[in-house]
Amino acid sequence: MKRKVEYILITLILMGVTYWVFSAVPCKTDVEKRIPVRIYESGEHVMDSEVLIEGEIGKYLFSGKQHFTGKFHLLELPEETTESYITWMVNSDIQKIQSISAPRGETIRIDKWMFIDKEMDAFVFYFEDGEKIAATSGELMEWFRENFRFNEYKG
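Since we're looking at a predicted model, the values are computed, not measured.

1. Details of unusual backbone geometry
Step number 1: Phi is positive for serine 42, which is not a glycine, with a value near 55 degrees.
Step number 2: Checked against the element boundaries, serine 42 lands in the loop between strand S1 (26–41) and strand S2 (44–60).
Step number 3: By relative accessible area, which is 58% here, serine 42 ends up exposed.

Shown next as structure tokens:
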């Protein structure tokens, strides 16, 4: 009986250590795509463009936390930085508020907050001037204008 308890304890300890090791292992997925977007000014469509997304999505095996590191570049803007970092909030619905940043404080001419799904297929964001919006759909742009106030988050 004593041996059986020892085996059970050793098994539980090994299972715990295995879970702990695997939960710290990052899983990375390469991303390379061009997503068509429409540029709006004062709610009116003014031009079509594309966002180039190249990089990798990182996620830990047993965690909902996810981040993207790489290029998130609106082709209508001059390319001023090569690396962007996007983090998804945990326990949110499909549309999530993100932060997007460039290394060493360089400007990317996109406001630092955006709504983007985890597949990076649908998103909407303000330009740094707060006047123009880039969105993958008109419905998403309207929802964003009604529910997100640029000046409240500008900092």
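2. Focus on the nonpolar core
Step number 1: Core analysis: the largest hydrophobic core is formed by 20 residues, its most contacted members being Ile53, Phe68, Phe72, Met120 and Phe123.
Step number 2: Residue assignment for this core shows that the elements contributing at least two residues are S1, S2, strand S3 (66–74), strand S4 (84–88), strand S6 (110–116) and strand S7 (123–127).
Step number 3: Take this core: its biggest share by element is four residues, from S1.
Step number 4: Excluding residues that lie within four positions of it along the chain, phenylalanine 68 makes contacts with Val31, Ile53, Glu54, Gly55, Glu56, Ile57, Ser84, Tyr85, Ile86, Trp88 and Met120.
Step number 5: Membership of the second largest hydrophobic core comes to 10 residues, among which are Ile133, Ala135, Met141 and Phe148.

3. Let's talk about a nonpolar patch on the surface
Step number 1: A cluster of nonpolar residues, Ile13, Val17, Trp20, Val21, Phe22, Val25 and Leu61, forms a patch on the protein surface that exposes about 670 Å² of accessible area.
Step number 2: In this structure, valine 17 sits in helix H1 (residues 2–23).
Step number 3: Classification of valine 17 as partly exposed rests on a relative accessible area of 43%.

What counts, and at which threshold
Within each chain, residues carry numbers counting from 1 in the order of the written sequence. Restriction of local features to residues with pLDDT of at least 70 applies here, the model being predicted, together with a cutoff of 80 or more for giving and counting side-chain atom pairs; totals for whole chains, interfaces and linings are based on all residues. Side-chain figures throughout are based on the complete set of non-hydrogen atoms in the structure, without hydrogens or water. Only DSSP runs of H or I covering at least 4 residues are called helices, and only runs of E covering at least 2 are called strands; the numbering of each starts at the N terminus. Note on classification: 1.4 Å probe, protein chains only; a residue is buried when its accessible area is under 20% of the maximum for its type, exposed when over 50%, partly exposed between these limits. Here, nonpolar core means buried Ala, Val, Leu, Ile, Met, Phe, Trp, Tyr and Cys residues that are tied together by side-chain atoms lying within 4.5 Å of each other. In this description, contact between two residues means that some pair of their heavy atoms is separated by no more than 4.5 Å. What goes into a patch is any residue over 30% in relative accessible area without a salt bridge, connected to like charges within 9 Å or, for nonpolar side chains (Val, Leu, Ile, Met, Phe, Trp, Tyr), within 5 Å. Shrake-Rupley sampling with a 1.4 Å probe provides the accessible areas, and residues are treated as covered by the protein chains on show and by no other component. Should a side-chain nitrogen of Lys or Arg be within 4 Å of a carboxyl oxygen of Asp or Glu, the pair is scored as a salt bridge.

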